[in-house]
There are 2 protein chains.
Amino acid sequence: MNYKEIIDQNREAYLEELFEVLSQKSISAQDDGIRECAELVADKLKDAGMKHVELMETETHPVVYGEYHVSDDVPTILIYGHYDVQPPDPIEAWDSPPFEPTVRDGRIYARGAGDNKGQMMAQVLAIRTYLEAKGTLPVNVKFLIEGEEEIGSANLVDFVDAHREKLKADLVYASDGPMLPDNHPYVLLGVRGILYVELEVEEAAFDNHSGNKGNIVPNPAWKLIDLLQTMRDADGNVLIDGFYDDVLPPTDEEMALLEKLPFDLEEVKRNVGHDGISMSKADYYRKLCFEPTFNIAGFTSGYGGEGSKTIIPKDAKVKIDIRLVMNQDPDRIFELLKTHVKKHTPDVTVKQFGKMWPSRTSADMPFIEPIRQAVEKSFGKEAFIQPSLGGSLPDAIWTKVLGVPSVLVPYANVDEANHSPNENIMVENFYNGIETTCHVLDVIKNSDM
Amino acid sequence: MNYKEIIDQNREAYLEELFEVLSQKSISAQDDGIRECAELVADKLKDAGMKHVELMETETHPVVYGEYHVSDDVPTILIYGHYDVQPPDPIEAWDSPPFEPTVRDGRIYARGAGDNKGQMMAQVLAIRTYLEAKGTLPVNVKFLIEGEEEIGSANLVDFVDAHREKLKADLVYASDGPMLPDNHPYVLLGVRGILYVELEVEEAAFDNHSGNKGNIVPNPAWKLIDLLQTMRDADGNVLIDGFYDDVLPPTDEEMALLEKLPFDLEEVKRNVGHDGISMSKADYYRKLCFEPTFNIAGFTSGYGGEGSKTIIPKDAKVKIDIRLVMNQDPDRIFELLKTHVKKHTPDVTVKQFGKMWPSRTSADMPFIEPIRQAVEKSFGKEAFIQPSLGGSLPDAIWTKVLGVPSVLVPYANVDEANHSPNENIMVENFYNGIETTCHVLDVIKNSDM
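Source: prediction; values computed, not measured.

About the cut-offs
- Residues numbered from 1 in each chain as written.
- Chains lettered and ligands numbered in written order.
- Predicted model: local features only at pLDDT ≥ 70, side-chain atom pairs only at ≥ 80, totals over all residues.
- Heavy atoms only, no water.
- Helix = DSSP H or I, 4+ residues; strand = E, 2+ residues; numbered from the N terminus.
- Buried < 20%, exposed > 50% of the residue type's maximum accessible area, 1.4 Å probe, protein only.
- Contact = heavy atoms within 4.5 Å.
- Areas by Shrake-Rupley, 256 points an atom, 1.4 Å probe, with all protein chains shown as cover.
- Lys, Arg positive; Asp, Glu negative; His and termini not counted.
- Charge placed at Lys NZ, Arg CZ, Asp CG, Glu CD.
- Core = buried A, V, L, I, M, F, W, Y, C linked by side-chain atoms within 4.5 Å.
- Least-squares fit on C-alpha atoms with pLDDT ≥ 70 in both.
- Pairing = 2+ DSSP bridges.
- Axes fitted to C-alpha atoms, helices over the stretch in contact; angles between N-to-C directions.
- Buried area = accessible area lost by both parts, 1.4 Å probe.
- Salt bridge = Lys/Arg side-chain N within 4 Å of Asp/Glu carboxyl O.
- Polar contact = N/O pair within 3.5 Å; in protein donor to acceptor, adjacent residues only side chain to side chain.
- Nonpolar A, V, L, I, M, F, W, Y, C, P; charged D, E, K, R; others polar.
- Arc of directions from axis to C-beta.
- 1 Å grid on protein atoms, 1.4 Å probe; cavity = no way out; pocket = protein on both sides within 12 Å on 5 of 7 lines; lining within 4 Å.
- Points joined across faces, edges and corners; volume = space filled by probe spheres on them.
- Phe/Tyr/Trp six-rings, centres within 6.5 Å; stacked < 30°, edge-to-face > 60°.

*Asks:* Please clarify how the overall build of chain A should be interpreted in this entry.
*Replies:* Scanning chain A for helices and strands turns up 14 helices and 19 strands. Projecting the C-alpha coordinates of chain A onto the three principal axes gives extents of approximately 85 × 50 × 45 Å. Burial statistics for chain A: of 449 residues in total, 59% are counted as buried. In chain A, of all internal contacts separated by at least 6 residues, the share reaching a separation of at least 24 is 79%. Element-wise, carbon and sulfur atoms account for 47% of the exposed surface of chain A, whose accessible area totals about 17100 Å². When the 44 positive and 76 negative side-chain charges of chain A are each reduced to one mean point, those points stand 3 Å apart.

Next comes the structure, spelled out in structure tokens:
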């Protein structure tokens, strides 16, 4: 029997297994049901046929680790997922209880249905399906299912770093997040990084009267604005020395991938809530995937209420989030920015509020197009390859810390309502996800890793 | 008997008259006791010897008007004051009830003691004193005592405009506000004007994710910053076409006056709460009296809380207060600013939140130095002439609407705590104010108006 036939035979049983996991609370932010869920997921991995399964402790919530070693001569795939979920609040907004999974109109409703239990269990049940079909796996498979993704994966870098030998693989494969609009599946090869900083200038000890002290005491908002203008020109180019030094331009192959992506300008306008947007598909994706940003996320100084208040503000602060592309290093960019500030306006303080490295897996890896075909076939809908997300995810844990290519293939429908009431996954997406994972194992076997 | 001797003889009686007025509530913001106080002040003007006294209605609170006509051949002085007061809150912070005037340690404590009943009654009782000394007044005297100064003198321009014939005078004389540091008296010849505007740019209909939409949707904070940089250079010079066209440079005489003003850099630093201030006396007063400002009173866009939020803000706004010097016209400056914005960033909206014309009475008017000497003699302390306040007052009502020179001589001690709990005026300041006003009448008589 092929994978699809086996899945069809097991529809009820597979759904029951998923429902068991969905019924088990695992709210990482509230440490509610975490260990129970980790143990349950470990059992599911064993039941699926994984040979070695264990809970591995971290500073907080355990990682569920599973391994099926076939041979040293075949490639190894490391499958990543998470078993923790967001709190279900506001509970009263749910049409059925968040931890009592319910099928309505072809969708499974439950907290974690889409993010990430439904997708993670599709990965797990693919092992059972594959073993039923072929008796053994085609490649070495490792599972790393963590329990604190929803609270920022705080321990994941250290965990991966501490177990790099054990986690060694040729590819990291993850399924999380929603598909593209119209539920087109896609293969994601990377993310932009981020560096989030706050610049603050404190002038006087208090707000001063803008008349009686006007021209006497310096204005911190003007000081910040003058500084900001040295950092970026009116066309949006960043003027910090060395900012673009490490930027890797897209390859011809990556640009060609962009051209294949779906694009509807009217939909973009609705998406961003702005009628004035006008750009070509190539520009849109190039700006989103391959160009850094230098965004003001907040500027605050003085009086922001209704009407007037005549003050010289005592301080001003600006929050800047900088999305980084390959090979920009947030640590280096932070140093360049500090150097720039020190040179131009030394009394401005610079704080860092977070960073992530950009990550990108080369589009000419041999397994990418076969994976795209596998997901397209399993979902019966045109599938795309996106070289990078505009946003940031800790994908560099795999590509930089572990040093392994990484691809992400979302199995959840675009309206999965993750983090919201009535979170759901389409029943067929769950089954199609199982089938996709089976095909991916074959792809890895056949690719020259 | 000279003025001082008469005042000495009447110390108790004068204080009693002031206490009567201080005991009468007159909170304009709450319309509490206003008409009762207006009638009481009218009685005080009559008691002092003013020949014609009337309440003149405005849209809201009545003006108390008084007149003493001597002859068409002598100059006319129009004395301005106000009988309304600020609300006394927080009442529990007062050491004695705000409407039960109390003398402690040489100070009269009551709401309105300094602002403005104590100073206004010194003007009124000067008439009684002068008449007791000389039997008649040396010049024609008019009183305009309004009842809504503390709520912005909303009806005063229209009132003055509607009664310009009746209010015709050669000089407007007012006593309000505190003296200079160390309780040095001074003669104030003008104020800076003000134009208060808000620039706002609205981009998207909502805040956008800075990663998934970064580089796609324009950032309104950057747009405002780019616009602001076209309006002012890093040295603080305003770049709006025509902004400086009408600026009247100070005369040599005015610059010489600045050099005579008291100046203590350490005190300036404490006053503005900023250790880094460093400037000469001439620079300090020139920047304050004779140079316009272009101050950011508030800049608000996006997230201003703790930590990070990764958004492209949907809008940004900046509040700018522009202090104007002679002969800048707030209406013209507003037009220039709108033209500038329209040229550079037409999608920025411009709102006006208030304006006042600058006002200055020429320092070479013949009565100014004699008034300085009069106040110096009455207060027994070196008195100064300041060509302009850094702040803004509706002084142009006199110099521009009525077309009359105007001087302001504050009688209240520097720590009068106006608008605050435990508002007070030093008892001796009240008496010295009476004496000063008497001398001023003589000065006007002797000046070539």
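Still more ground to cover, so stick around.
*Asks:* Quick question: what am I supposed to make of the nonpolar core here?
*Replies:* Burial of nonpolar side chains together is a common tendency in soluble globular proteins. Judged by nonpolar contacts, the single largest core of 69 residues is most densely connected at Ile77(A), Val141(A) and Phe430(A). Aside from chain neighbours lying at most four places away, what touches Val141(A) is Met50(A), Gly66(A), Glu67(A), Tyr68(A), Ile77(A), Ile79(A), Ile127(A) and Leu441(A). Counting 68 residues, the second-largest nonpolar core is a separate cluster that includes Ala48(B), Tyr173(B), Leu257(B) and Val427(B).

*Asks:* What should I look at first to understand the relation of the copies chain B and chain A in this one?
*Replies:* Each copy of the chain is related to the other by a rotation around an axis and a translation along that axis. Turning chain B through 180° and shifting it by 0.2 Å along the axis lays it on chain A, with an RMSD of 0.2 Å. Taken together, these values place the two copies in the relation of a two-fold axis. Closest approach to the rotation axis among the C-alpha atoms of chain B is made by Thr300(B), whose C-alpha sits 2.5 Å away. A share of 100% of interface residues in chain B that are also interface residues in chain A marks the association as one of identical surfaces.

*Asks:* Quick question: what am I supposed to make of the sheet that holds strand S12 (residues 295–302) of chain B here?
*Replies:* The strands that make up a sheet pair up through hydrogen bonds in the backbone, lying either parallel or antiparallel. Pairing in this open sheet of eight strands is antiparallel, and the strands run S15(A)-S10(A)-S14(A)-S12(A)-S12(B)-S14(B)-S10(B)-S15(B) from one edge to the other. Strand pairing shows two members of the sheet lacking a second neighbour, strand S15 (349–356) of chain A together with strand S15 (349–356) of chain B, which therefore form its edges. Between one strand axis and the next, the sheet turns through 15° on average, direction left out of account. Contacts from helix H7 (residues 220–231) of chain B reach strand S12 (295–302) of chain A together with strand S10 (193–202), S12 and strand S14 (315–324) of chain B, with the element oriented near 25° to S14(B). Helix-sheet contacts for helix H11 (residues 330–344) of chain B involve S10, S14 and S15 of chain B, and the interaxial angle to S15(B) is about 165°.

*Asks:* What's the story with the interface of chain B and chain A in this structure? I'm lost.
*Replies:* Interface size, as often reported, equals the accessible area lost upon joining of the parts. Taken together, the contact between chain B and chain A spans 69 residues of the former and 69 residues of the latter. Both faces considered, chain B and chain A share a buried interface measuring about 5200 Å² in area, 54% of it formed by carbon and sulfur atoms. Area buried by chain B at its contact with chain A is led by Asn215(B), Ile216(B) and Trp222(B), which between them contribute 15% of it. Counting across the interface, chain B meets chain A through two salt bridges. For Asp226(B), the salt bridge goes to Arg232(A), with nearest N and O atoms at 3.3 Å. Our count for the chain B to chain A interface comes out at 46 residue pairs in polar contact (both at pLDDT 80 or more). Mapped onto the side of chain B that touches chain A, the elements with two or more residues apiece are S10, strand S11 (208–209), H7, helix H9 (265–272), helix H10 (281–289), S12, strand S13 (311–312) and S14 of chain B. Residue composition of the side of chain B that touches chain A, by class: 30 nonpolar, 25 polar and 14 charged. When S12(A) meets S12(B), the two strands line up antiparallel, connected through five bridges. Bridged to Gly298(A) within S12(B) is Gly302(B).

*Asks:* Help me understand the sheet that holds strand S5 (residues 107–109) of chain A, please; the structure alone is not making it clear to me.
*Replies:* All names here are of chain A. Taken in spatial order, the three strands of this open sheet run S4-S5-S19, and their pairing is antiparallel. One side of each edge strand has no neighbouring strand; the edge strands of this open sheet are strand S4 (102–104) and strand S19 (424–426). With direction set aside, neighbouring strand axes in the sheet form an average angle of 30°. Bridging between S4 and S5 involves three bridges; their strand directions are antiparallel. Residue pairing in the sheet places valine 103 in a bridge with isoleucine 108 of S5. Helix H2 (residues 11–23) rests against S4 and S5 of the sheet, and its axis sits at about 25° to S5.

*Asks:* Would you explain the pattern of salt bridges in this entry?
*Replies:* Opposite charge on two side chains permits them to pair, given that their charged atoms come into close proximity. On inspection of all chains with the given rule, the structure shows 60 salt bridges over all chains. Here Asp245(B) and Arg332(B) are joined by a salt bridge, their closest N and O atoms 3.6 Å apart. Of this pair, Asp245(B) sits in the loop between H7 and helix H8 (252–260) while Arg332(B) sits in helix H11, and the two are 87 residues apart along the sequence. Of the residues examined, Arg332(B) reaches a relative accessible area of 31% and is grouped as partly exposed. A single salt-bridge network, built from bridges that share partners, covers Glu17(A), Glu20(A), Lys44(A) and Arg128(A).

*Asks:* How should helix H9 (residues 265–272) of chain A be read in this particular structure?
*Replies:* Residues lying three or four places apart along an α-helix face the same way, a consequence of the helix completing one turn every 3.6 residues. Along H9(A), the residues classified as buried are Val268(A), Lys269(A) and Val272(A). Along the axis of H9(A), the buried residues cluster in a sector spanning 100°; they form a single face. Looking at the buried side of H9(A), the elements it contacts are helix H10 (281–289) of chain A together with S11 of chain B. Measuring from the side-chain oxygen of the N-cap residue of H9(A) to the backbone nitrogen of Glu266(A) gives 3.0 Å; that N-cap residue is Asp264(A). Once H9(A) finishes, Gly273(A) follows within two positions and takes phi at roughly 65°, a positive value.

*Asks:* Quick question: what am I supposed to make of empty space enclosed by the protein here?
*Replies:* Over the atoms rolls a probe the size of a water molecule, and its path tells where empty space is left. Residue and element names in this part refer to chain A. On inspection of all chains with the given rule, the structure shows one cavity of 30 Å³ or more. Approximately 50 Å³ is the volume found for the largest cavity. Going through the elements one at a time, helix H1 (3–9) and helix H14 (427–446) are the ones with two or more residues in the lining of the largest cavity. Looking at which element gives the most residues to the lining of the largest cavity, the answer is H14, with four residues. Here the residues of the lining of the largest cavity are counted per class, giving two nonpolar, one polar and five charged.

*Asks:* What should I look at first to understand the packing of aromatic side chains in this one?
*Replies:* The geometry of an aromatic ring pair is captured by the separation of the ring centres together with the interplanar angle, meaning the angle of the planes. Applying the stated criterion across every chain yields a total of 22 aromatic pairs over all chains. Ring centres of Phe243(A) and Phe294(A) lie 6.2 Å apart, and the angle between their planes is 90°; on these two criteria the pair is classed as edge-to-face. Of this pair, Phe243(A) sits in the loop between helix H7 (220–231) and helix H8 (252–260) while Phe294(A) sits in the loop between H10 and S12, and the two are 51 residues apart along the sequence. The residues Phe243(A) and Phe294(A) share a single accessibility class, namely buried. Their ring planes at 45° and their centres at 5.3 Å tell us that Phe430(B) and Tyr431(B) sit as a pair that is tilted. With relative accessibility at 4%, the residue Tyr431(B) sits in the buried group.

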